[in-house]
Each structure stands twice: as C-alpha cells, then as structure tokens.
Amino acid sequence: VQLVESGGGLVQPGGSLSLSCAASGFTFSSYAMSWYRQAPGKERELVAAISSAGGSTKYADSVKGRFTISRDNAKNTVYLQMNSLKPEDPAVYYCHARVIMVYWGQGTQVPVSS
C-alpha cells in the first residue's frame, strides 16, 4: 500500500488549496479514505473522511463548511479542497487508509501565512 500526498503550499488566510492523495497497492474503491492533520505540538486529528463509494462524508467541526473531501475511484485518488483557510489550519496533512492495517502517506505541509 502506498499513499502519496501532493498539493501543499503556502497560502494566505482566506485562501484556498487543494490536496491530492494518490493511492496504490490495494483495491481503492473498496475502502474508506481519510485526511488527518497534525500541527506542531498537537496530536494528529481527523479532518475529513469519505466512504468507499464517496456517498458518505464526515468532517471535523473545525473545518465543516470550509473543506470538502472527494474521491475519484477511477484515478485511485482522494482529494481535500480547503477554502477560507484560517491561521489555525496550518499543519502537515496526511492521507489515511485502513486496509487491514493502518497506512499513512508521507504528509504534505500546509502553512498559512499570517
């Protein structure tokens, strides 16, 4: 199993950014996927999750209405669209899959300039 995130970068508060996670090594369309984030000195937290077919999603209260998780099972890719970024959003964002055991991507940095 391999998860490779991309799309991180510096943005201004109020800006937008889209993250991608390309998955391989398993039947992507059969598994739910999630995005987590970890800020310095804080525990890793769930940001958003999406069901295997994409019909069900859930979000952390802190990002509801601003972030959107989606997936393209034909491309084995899960996305996180982040809008209205706030100064409290900067973190390393990780793609997550539980395929018998838990797998994480390498993470992508999302710093937000103040």
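Look above for the structure.
The text that follows walks through the structure, step by step, so that each part is easy to find. Everything numeric in this text was worked out from a predicted model, so none of it was measured. Every chain begins its residue count from 1, and numbering advances along the sequence as written. At least 70 in pLDDT is required for a residue's local features to be given in this predicted model, at least 80 for side-chain atom pairs to be given and counted, and no such filter applies to totals for whole chains, interfaces and linings, which use all residues. Excluding hydrogens and water, the side-chain figures rest on all heavy atoms present in the structure.

**Quick notes on the side chain of R37**
At step 1: A run of H or I in DSSP becomes a helix once it reaches four residues, and a run of E becomes a strand once it reaches two; helices and strands are each numbered from the N terminus. When you line up the elements, R37 lands in strand β3 (residues 33-38).
At step 2: Polar contacts here mean pairs of N or O atoms no more than 3.5 Å apart (in protein, one a potential hydrogen donor and the other a potential acceptor; neighbouring residues in sequence count only if both atoms are side-chain atoms). Here the side chain of R37 touches E45 through a polar contact of 2.7 Å, side chain to side chain.
At step 3: A polar atom in the side chain of R37 sits 3.4 Å from the side chain of S62.

**Things to note about the side chain of S34**
At step 1: In this structure, S34 sits in strand β3.
At step 2: Whether a residue is buried, partly exposed or exposed follows from its accessible area with a 1.4 Å probe, protein chains only, as a fraction of its type maximum: under 20%, in between, or over 50%, in that order. Taking the relative accessible area as the measure of exposure, S34 reaches 10% and is therefore buried.
At step 3: Contact definition: two residues touch when any of their heavy atoms are within 4.5 Å. The contacts of S34, once residues within four sequence positions are left out, are L46, A48, A49, I69, Y94, C95 and H96.

**Digging into the sheet that holds strand β1 (residues 2-6)**
At step 1: Spatial strand order, β1-β2-β7-β6: 4 strands in an open sheet with antiparallel pairing. Both edges of this open sheet fall to β1 and β6 (67-72), since each of them pairs with a single strand only. Direction aside, neighbouring strands of the sheet carry axes that sit 15° apart on average.
At step 2: If DSSP finds at least two bridges between two strands, the strands pair. With 5 bridges joining them, β1 and strand β2 (residues 17-24) adopt antiparallel strand pairing. Residue pairing across strands places Q2 opposite S24, the latter belonging to β2. Here the axes come from fitting lines to C-alpha atoms, over the contacting stretch only for helices, and the angles between their N-to-C directions go from 0 to 180 degrees.

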